[in-house]
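The chain contents come next:
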Amino acid sequence: MFRFSFHAKDGKKNSYLTAGTVITILVLALILLGIVHAPYDTEAMNTSEKFAGFSLLHILGTDNFGRDVFSRVIVGAFTTLKIAAGTVAIGLLGGLVIGAAAGYFGGAADAVLMRINDTLFAFPSVLLALVIVSLFGSGTYNVIWALGIAFIPSFARMVRSEFLRYRESDFIAGARLQGAGSMRIMAVHIFPNTLPVLLSSVLIGFNNAVLAEAGLSYLGIGVQPPEPSLGRMLSEAQSYLMTAPLYAFGPGVMIILMVLGFSLLGEGVSKRVNG
Amino acid sequence: MRFVLKKILTLAVTVLAISFIVFLAFSVIPGDPALMLLGGESDPAKVEALRQKMGLNDPVIVQYERWLAAFLRGDMGTSYKYSMPVTRLLADKVPITLALSAEAFLLMVVLSIPLGIYSAKHEGSAADRFLVVCNQVVMAIPPFFSGILITYLFGMLLHLFTPGGYVSFREDLGAFFAYLFFPALAIAIPKIAMAVKLLRSSVLTESKKDYVRTAYSRGNSTNSVLYGHVLKNALLPAVTFFGMAIADMIAGSIIIEQVFGIPGLGKTLLTSIGNRDYPVIEAIIVLIAVIVVASNVLVDILYQVLDPRIEID
């Protein structure tokens, strides 16, 4: 099983895991601050303080309505995190069901499921999400579903290869001889063995989900105003790039930190698992 | 040859499947196309007549057959919003997005291969360590944000291009490609980082193999081993990556077109989603699917040519 340690399998320092942990803790702390007590009301406008620069009062300045960018960034980051979590949950659950069935049973089920899966996999997830949003409309929940469904194929692929790996192993044959049914073998005997690999792909999934959500909300699909969203803030910042270039700094750096943290964690975990 | 034929057959089946799913999805959603074309407050009898004329009362499979036959003839239906043939609407957009993706692809290949080789060759040096950290950070930057940064840095501070100053390819082909350079760079940057990382590790893995030691023992220099032996094998995973990147680049161009104000497929797709202009959305999705699946097949074939030992089926 996976045991947390800042060292890789061979005992060398795992700097990916260290850096990822530090950055993710920083991001989560900021998000927590946003939940507990954001310095300013995210919707409080103050036209006399439009585009204030960085200062002790507004550490990331203010936007075109005089709203505090730092508060909006940390609250918006929470929304992004929620959407990413929903996306990964749906993608993981769907991927588990499809991947486990395809990998464990093999044969026709595998052929059909993977044919469909690879077709969808070839399709960029943002595009798939755009199709789904165009069918069902935009909004936070639709974006979670859209991205979640778009993420199923990559999880399914990974789960399938893991189940395929264990299907023929001796301990599974042993369980089968003792009379364990397929469901039991999949859930109790194979699934726990896939957890370390699953963990690292969940983290990579988070990284991709944050990027995808930011992209969609930049396009104006997804979280609707006045609720703060990092992507939308960047799209607003872009129209004021000439007069207030600093506005883009906060939301942009927050997205980078979130993605960087998750991707480093994911790679660190996979280094820990695979050596 | 059999392999190529088989691949092309799979391509046809896959595209057919995607187009059917898309068609099905767009025919079950609420909203009457006839009503959309005529406008909200139309006479029900007129709407019904148009429904009959458009064949909307036929079974879905019959409608799909008709749609497919028309699509293959180059007739992609009529836009609800602009009341003009979708084919005419998209004819000018496709080359723009293709040019943007192609330029991004070219940038990725041209920049990532030398950087990856350099990084592996000088493993552990300051430059290599800098590149490794750089790659990790760059992969975390969403392309639209690097687009904004590029707009600010190269557009507003250094005046290397005019943000929003898109030039049509009909007016001036050179200026068209020149304007696409920075958007293409924004799309390519994260892919370059990933490719450099991949190449670096595949060159390093390959260098530890026995045949490399043998090549050295025969008196080859580092460079002749690297370029004559290692690279041939180390480039294979990169080719797969490049192939898979094509799909992402086309998807990336949808967002980047928005950042740089380029009137390509992506911008049209987004406007059409806003207008619920389903025939246009449908056509764009199927077009992109064809491009994506075709490029994947092309990579598989290329892969086979590069390494005949691999059997793909």
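Residues numbered from 1 in each chain as written. Chains lettered and ligands numbered in written order. Predicted model: local features only at pLDDT ≥ 70, side-chain atom pairs only at ≥ 80, totals over all residues.

Undergrad: Let's hear about the overall build of chain A: which residues, and what values?
TA: A tally of regular secondary structure across chain A gives 9 helices and 0 strands. Of the regular secondary structure in chain A, the N- to C-terminal order runs α-α-α-α-α-α-α-α-α. Residues classed as buried in chain A amount to 48% of the 275 residues present. If you take every contact in chain A between residues at least 6 apart in sequence, the share linking residues at least 24 apart comes to 70%. (Helix = DSSP H or I, 4+ residues; strand = E, 2+ residues; numbered from the N terminus. Buried ≥ 20, exposed ≤ 12 C-beta atoms within 10 Å, placed from the backbone. Contact = placed C-beta atoms within 7 Å.)

Undergrad: So what's going on with the overall build of chain B? Residues and values would help.
TA: Scanning chain B from terminus to terminus reveals 13 helices and 0 strands. In chain B, the succession of helices and strands from N to C terminus is α-α-α-α-α-α-α-α-α-α-α-α-α. The buried share of chain B, taken over its 313 residues, is 36%. Counting contacts in chain B only where the partners sit at least 6 residues apart, residues at least 24 apart contribute 71% of the total.

Undergrad: Kindly report on the nonpolar core, identifying the contributing residues and their values.
TA: Grouped burial of nonpolar side chains is what soluble globular proteins tend to show. Grouped together as the largest cluster of nonpolar side chains are 148 residues, with contacts concentrated most on Ala129(A), Val210(A) and Ile284(B). A domain split of this core shows at least three residues from each of domain 1 (19-90) and domain 2 (93-262) of chain B. Residue contacts for Ile284(B): discarding those within four places in its chain leaves Leu90(B), Leu265(B), Thr268(B) and Leu269(B). (Core = buried A, V, L, I, M, F, W, Y, C linked by C-beta atoms within 7 Å. Domains from an automatic or database assignment.)

Undergrad: Which residues make up the interface of chain B and chain A, and what are the values?
TA: Listed as interface residues are 34 residues of chain B and, on the opposing side, 29 residues of chain A. Every element with two or more residues in the side of chain B that touches chain A is listed here: helix 1 (2-28), helix 7 (126-139), helix 8 (143-157), helix 11 (222-260), helix 12 (265-275) and helix 13 (278-306) of chain B. Residue classes in the side of chain B that touches chain A are distributed as 28 nonpolar, 5 polar and 1 charged. (Nonpolar A, V, L, I, M, F, W, Y, C, P; charged D, E, K, R; others polar.)

Undergrad: Tell me about the confidence of the model for chain B, and please be specific about residues and values.
TA: Where the model shows low pLDDT, its predicted coordinates should not be examined in detail. Residue and element names in this part refer to chain B. Per-residue confidence for chain B averages 83 on the pLDDT scale, and 96% of its residues sit at or above 70. Ranking the elements of chain B by mean pLDDT puts helix 2 (residues 33-38) last with 69 and helix 6 (residues 93-121) first with 91. Model confidence for the complex: the whole-complex pTM is 0.84, and ipTM, which rates the interface, is 0.83. (pLDDT = per-residue confidence, 0-100.)

Undergrad: Provide a residue-level description of unusual backbone geometry, including the pertinent values.
TA: For His159(B), which is not a glycine, the phi torsion comes out positive at approximately 55°. Of note, His159(B) is situated in the loop between helix 8 and helix 9 (173-207).

Undergrad: Describe the domain arrangement of chain B, and please don't skip the residues or the numbers.
TA: When the domains of chain B are assigned, the result is domain 1 (19-90) and domain 2 (93-262). A straight line from the C-alpha centre of domain 1 of chain B to that of domain 2 of chain B covers 41 Å.

Undergrad: Provide a residue-level description of helix 5 (residues 140-167) of chain A, including the pertinent values.
TA: With 28 residues, helix 5 of chain A should cover 40 Å at 1.5 Å per step; its first-to-last C-alpha distance of 39 Å lies within 8% of that length. At Ile152(A), helix 5 of chain A shows its largest bend, some 30°, and a proline, Pro153(A), comes one to four positions later. (Expected span 1.5 Å × (residues − 1). Bend = angle between axes of the 7 residues up to and from the residue.)

Undergrad: Let's hear about the packing of helix 6 of chain B against helix 11 of chain B: which residues, and what values?
TA: Residue and element names in this part refer to chain B. Interhelical geometry of helix 6 versus helix 11 gives an angle of 145° and a closest axis separation of 9 Å. Considering only the axes of helix 6 and helix 11, their crossing is right-handed. Here Thr-97, Leu-100, Ser-101, Ala-104, Phe-105, Met-108, Val-109 and Lys-121 of helix 6 lie close against helix 11, whose contacting residues are Leu-226, Phe-242, Ala-245, Ile-246, Met-249, Ile-250 and Ser-253. (Axes fitted to C-alpha atoms, helices over the stretch in contact; angles between N-to-C directions. Left-handed = near helix turned anticlockwise from the far one by under 90°.)

Undergrad: Mind laying out the environment of Leu219(A), listing which residues take part and the relevant values?
TA: The residue Leu219(A) is located in the loop between helix 7 (182-218) and helix 8 (230-239) in this model. Classification of Leu219(A) as buried rests on a count of 24 C-beta atoms within 10 Å. Once the C-alpha coordinates of Leu219(A) and Gly231(A) are considered, the two residues, 12 residues apart in sequence, prove to be 7.8 Å apart. With residues near it in sequence (within four places) discarded, Leu219(A) still touches Ile255(B), Gln258(B) and Leu270(B).

Undergrad: Quick one: what's the story with the packing of helix 1 (residues 15-37) of chain A against helix 2 (residues 69-105) of chain A, residue by residue and with numbers?
TA: Residues and elements named next belong to chain A. Where helix 1 meets helix 2, the closest approach of the two axes is 8 Å, and the angle between their N-to-C directions is 110°. Classified by the angle between their axes, helix 1 and helix 2 sit roughly perpendicular to one another. In contact with Val-27, Leu-30, Ile-31, Leu-33, Gly-34 and Ile-35 of helix 1, helix 2 contributes Ile-74, Val-75, Ala-77, Phe-78 and Leu-81. For the contact of helix 1 with helix 2, the residue count by class is 10 nonpolar, 1 polar and no charged. (Parallel < 35°, antiparallel > 145°, perpendicular 65-115°, else oblique.)

Undergrad: Describe helix 8 of chain B, and please don't skip the residues or the numbers.
TA: Residue and element names in this part refer to chain B. The terminal C-alpha atoms of helix 8, which comprises 15 residues, lie 20 Å apart, in line with the 21 Å expected from a rise of 1.5 Å per residue. Those residues of helix 8 lying buried are Pro-143, Phe-144, Phe-145, Ser-146, Gly-147, Ile-148, Ile-150, Thr-151 and Gly-155. Of the residues trailing helix 8, His-159 is marked for its positive phi of about 55°.

Undergrad: Account for the environment of Asp92(B), with residues named and values stated.
TA: Residue and element names in this part refer to chain B. Summarising the element assignment, Asp-92 is placed in the loop between helix 5 (86-91) and helix 6. Asp-92 gets classed as partly exposed once you count the C-beta atoms within 10 Å, which come to 14. Each C-alpha atom of the pair Asp-92 and Lys-197 lies 37 Å from the other, and the pair is 105 residues apart in sequence.

Undergrad: Can you lay out the environment of Gly219(B) for me, pointing to particular residues and giving the numbers?
TA: Along the polypeptide, Gly219(B) turns up in the loop between helix 10 (210-217) and helix 11. In this structure, the C-alpha to C-alpha distance between Gly219(B) and Phe241(B), residues 22 residues apart in sequence, is 33 Å.

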